[in-house]
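# Descriptive structure summary
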Amino acid sequence: MQKYSGFGLFKHSLNHHEDWQRAWRNPTPKKKYDVIIVGGGGHGLATAYYLAKQFGVTNVAVIEKGYLGGGNTARNTTIVRSNYLWDEAAHLYEHAMKLWEGLSQDLNYNVMFSQRGVLNLGHTLQDMRDIERRVNANRLNGVDGEVLDPKQIKEIVPHMDCSENTRYPIMGASWQPRGGVARHDAVAWGFARGADMHGVDLIQQTEVTDLIIEDGTITGVKTNRYGEIKADRVGCVVAGNSGVLAKMAGFELPLESHPLQALVSEPIKPILDTVVMSNHVHGYVSQSDKGDLVIGAGIDGYNGYGQRGSFPTIEHTVQAIVELFPIFSRVRMNRQWGGIVDTCPDACPIISETPVKNLFFNCGWGTGGFKATPGSGNVFAASLAKGEMHELAKPFSMFRFHNGALIDEHGAAGVAH
Amino acid sequence: MFHIYCPHCGEYREEEEFHAKGQAHIARPLDPEACSDKEWGEYLFFRKNPRGLHHELWVHAAGCRKFFNVTRDTQTYEIKEVYKIGEQPSFVTEE
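All figures in this text were calculated on a predicted structure; none of them were measured in a lab. (Residues numbered from 1 in each chain as written. Chains lettered and ligands numbered in written order. Predicted model: local features only at pLDDT ≥ 70, side-chain atom pairs only at ≥ 80, totals over all residues. Heavy atoms only, no water.)

The next thing to look at is the overall build of chain A. When its secondary structure is counted, chain A shows twelve helices and 18 strands. Here chain A has a C-alpha radius of gyration of 21 Å; the compact-globule value for 417 residues is 22 Å, and the two agree. Taking the principal axes of its C-alpha atoms as reference, chain A extends roughly 65 × 65 × 40 Å. Taking all 417 residues of chain A together, 58% fall into the buried category. The contacts in chain A between residues at least 6 apart in sequence include a share of 76% that link residues at least 24 apart. Looking at chain A as shown, the accessible area adds up to about 17100 Å², and 51% of this sits on carbon and sulfur atoms. (Helix = DSSP H or I, 4+ residues; strand = E, 2+ residues; numbered from the N terminus. Rg over C-alpha atoms; globule rule 2.2 N^0.38 Å. Buried < 20%, exposed > 50% of the residue type's maximum accessible area, 1.4 Å probe, protein only. Contact = heavy atoms within 4.5 Å. Areas by Shrake-Rupley, 256 points an atom, 1.4 Å probe, with all protein chains shown as cover.)

Pasting the structure below:
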């Protein structure tokens, strides 16, 4: 596999860029693998990459029913942060943050990770109490964070209306300087290329139609194109379709699917060099390298699989953004779309063993999975390699809904992603 | 934008007046103390999540503030029927 470099770019320019190698192979699957990963999104591909690279398990297949990174990896608002309240969540997301910080070098693929900082605004006294509590908890967990007053916020984002004349005046914010954004598609492609380079077979356009379970142990999967493929261990990383696969395996998951929408404006000149989020007025915005404003909304309150959002939700979001940035009021919106997020009752993911031996699930990331992509893949890979859950993944067992050890991250995760 | 018929008000109103409150017809265990952790956890947290017909509880939050049930398709978003609490749905879901 050729290595990407500045020199390589120059060399290929002499041939008008016509002889680049394909970034990954398109193999026919073998009859048997050590590990099969169902789902070729960001988390699945990251799992495959770390399995092969870090844990030396290279006899691995990723089975994807569509194309790589074609689901929510391609639909999110690309925000990365790790300022979660509870220890378990903070440790997991901070593990991801540390991997983000070296990811482009590690993958030899530019994921355009830009640590431009993330502001979480507070508009009420209770918001500010929650922010102080969260920032203090973050610092105790080694996650960077500061509480800012409106004057300091104004210095970072001069175009934002920090006056007292608004409907919900900004009273302060939490600030995580190491947070930022990354190019979502590049993350999926970088992990796919890295996994392929280490010998992982990426099987696209192939749907898993059933799981083969004998005496409570999984031994493989049935596919629509290649029949049965055997495996010692199977990891399902299928987001919105987790319930369907769980049903095949004979158990249920406490997940509900909701549409989450986002929108982008026409490209404009650089105006916003950080990420602004607000739980209270319910919106978040950043500016992509291309120049468009990337705006995110809340989920629709009802269950839904239609990949579109409701009009009241988008109206509400745009109202919030215009309230914060009156200067954006005449920017035209280019595109709007929706993704289906699998939400857990406690707004934390499920990274878990299951009642079926050697079958593992990684799902329920809800509205905020993108930021965790490398960390999620890393701990899931460790768990699949050893056959027992990684320390950081243990608290996220699916059995917490039976024993009551929930990790309530609605405060840090409920809206702002 | 949904137009939802409130069976209490007897009128169609816009989606913004309503809140979705999740799966309908969840019966509280008659003797909670006798439940195992698994049964109680399932009562609290485990919900149906069908791609297709779904019985849901809605509340007319900015109207009469009363609860009612809706059978809705989660794929096409078509509302098949609206019925009061205590009544039985005429559409059968898969699960």
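Let us now look at the overall build of chain B. Looking only at helices and strands, chain B has one helix and six strands in total. For chain B, the succession of helices and strands along the chain, N to C, is β-β-β-α-β-β-β. Overall, chain B is about 45 × 30 × 20 Å in size when its C-alpha atoms are taken along their principal axes. As presented, chain B carries roughly 5800 Å² of accessible surface, and 48% of it is formed by carbon and sulfur atoms. Side-chain charges of chain B comprise 12 positive and 17 negative groups, with the mean position of each set lying 3 Å from the other. (Lys, Arg positive; Asp, Glu negative; His and termini not counted. Charge placed at Lys NZ, Arg CZ, Asp CG, Glu CD.)

Turning next to the interface of chain B and chain A. Each partner contributes residues to the interface: chain B has 25 residues there, and chain A has 24 residues. Each partner contributes to the roughly 2200 Å² buried at the junction of chain B and chain A, and carbon and sulfur atoms together form 53% of this total. Seen at the junction of chain B and chain A, the total is zero salt bridges. Residue assignment for the side of chain B that touches chain A shows that the elements contributing at least two residues are α1 (37-45) and β4 (53-59) of chain B. (Buried area = accessible area lost by both parts, 1.4 Å probe. Salt bridge = Lys/Arg side-chain N within 4 Å of Asp/Glu carboxyl O.)

Before going further, it helps to spend a moment on the packing of aromatic side chains. Remark: the centre distance and the inter-plane angle together describe each pair of aromatic rings, the angle taken between the planes. All names here are of chain A. Within the structure shown, the criterion is met by 21 aromatic pairs over all chains. Taking the centre distance of 5.5 Å and the plane angle of 75 degrees together, the rings of Phe251 and Phe361 count as edge-to-face. With Phe251 in the loop between α8 (242-249) and β12 (256-267) and Phe361 in strand β18 (residues 359-363), this residue pair connects regions lying 110 residues apart in the sequence. On the basis of relative accessibility, which here comes to 0%, the residue Phe361 falls in the buried class. One Lys or Arg, Arg167, reaches over the ring of Tyr168 and ends 4.4 Å from the middle of that ring. (Phe/Tyr/Trp six-rings, centres within 6.5 Å; stacked < 30°, edge-to-face > 60°. Lys NZ or Arg CZ within 6 Å of the ring centre and 35° of its normal.)

Residues and elements named next belong to chain A. The geometry of helix α2 (residues 42-53) relative to helix α10 (residues 373-386) is characterised by a closest axis approach of 7 Å and an angle of 50 degrees between their N-to-C directions. As judged from the angle between their axes, α2 and α10 are oblique. Here α2 and α10 pass one another in a crossing that is right-handed. Residues Gly42, His43, Ala46, Thr47, Tyr50 and Leu51 of α2 form the contact with α10, whose own contacting residues are Thr373, Pro374, Ser376, Gly377, Asn378, Phe380, Ala381, Leu384 and Ala385. Partitioned by chemical class, the residues of the contact of α2 with α10 number eight nonpolar, seven polar and no charged. (Axes fitted to C-alpha atoms, helices over the stretch in contact; angles between N-to-C directions. Parallel < 35°, antiparallel > 145°, perpendicular 65-115°, else oblique. Left-handed = near helix turned anticlockwise from the far one by under 90°. Nonpolar A, V, L, I, M, F, W, Y, C, P; charged D, E, K, R; others polar.)

Residue and element names in this part refer to chain A. Taking strand neighbours across the sheet as the criterion, the eight strands line up as β5-β6-β4-β13-β14-β15-β12-β16 in an open arrangement whose pairing is mixed. Among the strands making up the open sheet, the edge pair consists of β5 (146-148) and β16 (333-343). Ignoring which end each strand starts from, the neighbouring axes of this sheet average 20 degrees apart. Judged from the three bridges that link them, strand β13 (residues 275-278) and strand β14 (residues 283-287) form a sheet pairing that is antiparallel. Note that in β14 the partner of Val276 across the bridge is Val285. (Pairing = 2+ DSSP bridges.)

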